[in-house]
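Here is how the chains run, residue by residue.
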Amino acid sequence: MLVLDCPFCGPRNESEFAYGGPALAPRPADPSAVSDADWVDWLTVPPNPMGEVEERWWHLRGCGAWLTVRRHTVTHAVTEVRLGR
Amino acid sequence: MQRYSFLSLCRHALGQHRGWAPVWRTRPLRDRYSAIIVGAGGHGLAAAYHLAKDHGITDVAVLEAGWLGGGNVARNTVTIRSNYMRDESIPFYVKSVAMYEALTRDLNFNLMHSRRTMIDVLQTWGMVRDRRRRRLIMDIYGSTYRDIDVAELRRRIPALTGGGPGSRLPILGAAVHTDAAVNRHDAVAWGYARAADAMGVEIHQQTPVRTLLRGADGAIAGVETARGPVRAPVVALAVSGHTTTLTETVGLRLPLRTINLTAFVSEPVKPVVDVVVNCPDLGVYLSQSDKGELVIGGATDLGQSFRRDIKQSVFEDTVAAMLELFPAFRRLKLMRQWGGHLDMAHDASPIVSATDIAGLIVSAGWWGGYKAIPAGGAGLAHLIATGRPDALTAPFGLNRFRHLDYVIETGTTTAR
Ligand SMILES: [Zn+2]
């Protein structure tokens, strides 16, 4: 069980949260300047390291905030929880 | 190859079983092959077997980081079925299930293959409609689903005493998939390895691949292993969760996320369930092995994970879900748990495909890939040998992402 330190509620069990997928890179500012291949890459290819990833978690059974969590994919160690992206 | 039969068993019994040959040979690692397959799991070994058998290509090395059959082929619930959703998926899995049926004879290796009807226990109207929809699509492709009512369900699974009218999720009905089966995962790996080895394929265990190698022209040139470089014009990756770990070494990005899927078994008990029971609304499925252990699986861990153990919360949720329907199982002791890391593609369908790097082929995204081993191996071999996919794996190329032509497959996991 992960323990995520919500900025509003403090440390809470993973079961209070809903997983929201990998945190995507910022949406390209000028969509018309982005090639089709780069769009597909942005949409479908998340970083997949044996290391830290950033992912979105929703404090569904708590304050309702969307958080961004930095977590290690091998150790599960959480090194950052922040509000928003 | 020493063939196994009743007669050979009798003959070797007379020699006190000292005359058996090794099931596959260990040979020196050469520095060059016609093709390299990375990963001696189900898909890698099946591909090696079909390369030799269907295409006559035997100058092949299968490189395995650990021991043969010690990866995900040993870390699943051996459930074989074809109740999928999409026009692209169902024919592939129907073929794979049929190939499994004949595999004991083809490989001359007893896989202990056991036809085992699978029954989906339906507890929400949404799931009832989903299974009806799946049944109508599966009918087109020769797979089977049949609706039964609650009384028939309880007659067929007497241990299923939960889910009554007063419960949280009363059972509404069930869907019966008669084409399911279970078999022995070790035997699948060993059987393919033995047959491929007999035709000349080399299998090298304890040979982890560190990086992929590219030539001056940008094409794949081979792999760098812990035992030195090995060169080949074609390299196929069948390494499950570590696909991107390897492709990143040559700068290739793939639409894959690695996640952790787990299972556990109870102590052995007398026969109590003779079907594979799947409870998609609760997220748990189970069957009973020939040894008598209940083999129990649940949902994946959330988020990306390269771990091979089970997270306590996933374990507790799965047990709680099972006990809602099988309250008597609370007295069972649980014996072992295991997890595997698998990579899931953006649309949850597999990827059997050439890549942007000439000569580099990937077989990845297998979520529940155990049932896909025969057809997936044959398709991977076809791609290695000819450079083109066969008809059944053609829909699973990487090009589908380029064209946003996804095969969005909700049948991938039983527990959904
Ligand atoms: Zn909160």
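Residues numbered from 1 in each chain as written. Chains lettered and ligands numbered in written order. Predicted model: local features only at pLDDT ≥ 70, side-chain atom pairs only at ≥ 80, totals over all residues. Heavy atoms only, no water.

Per an unreviewed UniProt entry, chain B goes by the name FAD-dependent oxidoreductase and belongs to Albidovulum sediminis.

The name given to chain A in an unreviewed UniProt entry is Sarcosine oxidase subunit delta, with the source organism recorded as Albidovulum sediminis.

**Q** Describe the interface of chain A and chain B, with residues and values.
**A** Each partner contributes to the interface: chain A provides 23 residues, whereas chain B provides 25 residues. Of the roughly 2,100 Å² buried between chain A and chain B, counting both surfaces, carbon and sulfur atoms make up 54%. When the area that chain A buries against chain B is broken down by residue, the three leading residues are Tyr19, Thr44 and Asn48 of chain A, summing to 28%. The interface formed by chain A and chain B includes two salt bridges. The salt bridge partner of Asp41 of chain A is Arg253 of chain B, with a shortest N-O separation of 2.6 Å. Across the contact surface, chain A and chain B share ten residue pairs in polar contact (both at pLDDT 80 or more). When residues of the side of chain A that touches chain B are traced back to their parent elements, those giving at least two are β3 (18–22), α1 (36–44) and β4 (52–58) of chain A. Its residues assigned to classes, the side of chain A that touches chain B comprises 14 nonpolar, five polar and four charged. (Contact = heavy atoms within 4.5 Å. Buried area = accessible area lost by both parts, 1.4 Å probe. Salt bridge = Lys/Arg side-chain N within 4 Å of Asp/Glu carboxyl O. Polar contact = N/O pair within 3.5 Å; in protein donor to acceptor, adjacent residues only side chain to side chain. Helix = DSSP H or I, 4+ residues; strand = E, 2+ residues; numbered from the N terminus. Nonpolar A, V, L, I, M, F, W, Y, C, P; charged D, E, K, R; others polar.)

**Q** Describe the coordination of the zinc ion, listing the residues and the values that go with them.
**A** All names here are of chain A. Within the protein, the atoms that donate to the zinc ion are Cys6 (SG), Cys9 (SG), His59 (ND1) and Cys63 (SG), at distances of 2.0 to 2.3 Å. Each of the four donor atoms bound to the zinc ion contributes to angles spanning 104 to 116°, and the resulting shape is tetrahedral. Each donor residue of the zinc ion belongs to the same chain, and together they define the spacing C-x2-C-x49-H-x3-C. Remark: His59 occurs in the loop between β4 and β5 (66–72) and Cys6 occurs in strand β1 (residues 3–6); sequence separation between them is 53 residues. You can call Cys6 buried: its relative accessible area is 2%. Relative accessible area serves as the criterion here: at 0%, His59 is assigned to the buried category. (Donors = N, O, S within 2.8 Å, 3.2 Å for Na, K, Ca; no water. Tetrahedral: all angles 85-135°; square planar, octahedral: opposite > 155°, others 65-115°. Buried < 20%, exposed > 50% of the residue type's maximum accessible area, 1.4 Å probe, protein only.)

**Q** Give a description of the domain arrangement of chain B that names residues and reports values.
**A** Residue and element names in this part refer to chain B. Split into domains, chain B comes out as domain 1 (30–109 + 184–257 + 347–402) and domain 2 (114–179 + 260–335). Computed from C-alpha coordinates alone, the two centres of domain 1 and domain 2 are separated by 30 Å. On the domain 1 side of the contact with domain 2, Thr77, Asn83 and Met85 bury the most area, a combined 31% of that side's loss. At the junction of domain 1 with domain 2, the criterion picks out one salt bridge. Among the ionic pairs, Arg115 bridges to Glu101, the shortest N-O distance being 3.1 Å. The interface formed by domain 1 and domain 2 contains eight residue pairs in polar contact (both at pLDDT 80 or more). Elements supplying a minimum of two residues to the side of domain 1 that touches domain 2: β3 (79–80) and α3 (89–107). Here the side of domain 1 that touches domain 2 gets five residues from one element, more than from any other, and that element is α3. (Domains from an automatic or database assignment.)

**Q** Quick rundown of the UniProt feature "domain: Rhodanese" (unreviewed entry) in chain B? Include the residues and the values.
**A** UniProt records the feature "domain: Rhodanese" (unreviewed entry) for residues 36–79 of chain B in the present numbering. The span residues 36–79 of chain B carries 32% helix and 18% strand; its end-to-end C-alpha distance comes to 29 Å. (UniProt positions renumbered as here; feature names shortened; annotations may be inferred.)

**Q** Outline helix α9 (residues 373–386) of chain B, listing residues and values.
**A** An α-helical turn contains 3.6 residues, so any two residues separated by three or four positions project in the same direction. Residue and element names in this part refer to chain B. Look at α9: 20 Å from first C-alpha to last across 14 residues, which is about the 20 Å you get at 1.5 Å a residue. Every buried residue belonging to α9 is among Ile373, Pro374, Ala375, Gly376, Gly377, Ala378, Gly379, Leu380, Ala381, Leu383 and Ile384, and all of these are buried. Gly387, located one to two residues past α9, shows a positive phi value of around 80°. (Expected span 1.5 Å × (residues − 1).)

**Q** Any details on the sheet that holds β4 of chain A? Residues and values, ideally.
**A** All names here are of chain A. Taken in spatial order, the four strands make up an open sheet running β3-β4-β5-β6, and their pairing is antiparallel. Each edge of the open sheet carries a strand with a single partner, namely β3 and β6 (78–83). Taking the axes of each pair of neighbouring strands and ignoring which way they run, one obtains an average angle of 30° across the sheet. Across five bridges, β5 lies against β6 in antiparallel orientation. Of the residues in β6, the one forming a bridge with Thr68 is Arg82. (Pairing = 2+ DSSP bridges. Axes fitted to C-alpha atoms, helices over the stretch in contact; angles between N-to-C directions.)

**Q** Before we move on, can you summarise the packing of α3 of chain B against helix α6 (residues 185–198) of chain B with the specific residues and values?
**A** All names here are of chain B. Packing of α3 against α6 leaves a shortest axis separation of 10 Å and a crossing angle of 45°. Relative to α6, the element α3 is oriented oblique. Seen from above, α3 lies across α6 with left-handed handedness. Touching Tyr100, Leu103 and Leu107 of α3 are Val188, Gly191, Tyr192, Arg194 and Ala195, all from α6. (Parallel < 35°, antiparallel > 145°, perpendicular 65-115°, else oblique. Left-handed = near helix turned anticlockwise from the far one by under 90°.)

**Q** Describe the packing of aromatic side chains, and please don't skip the residues or the numbers.
**A** All names here are of chain B. For the coordinates displayed, the defined rule picks out 14 aromatic pairs over all chains. Ring geometry for Tyr4 against Trp20: centres 5.7 Å apart, planes inclined by 75°, an arrangement best described as edge-to-face. One end of the pair, Tyr4, is in the segment before α1 (6–14); the other, Trp20, is in the loop between α1 and β1 (35–38), with 16 residues separating them in the sequence. Residue Tyr4 is classed as partly exposed on the basis of its relative accessible area, which comes to 27%. (Phe/Tyr/Trp six-rings, centres within 6.5 Å; stacked < 30°, edge-to-face > 60°.)

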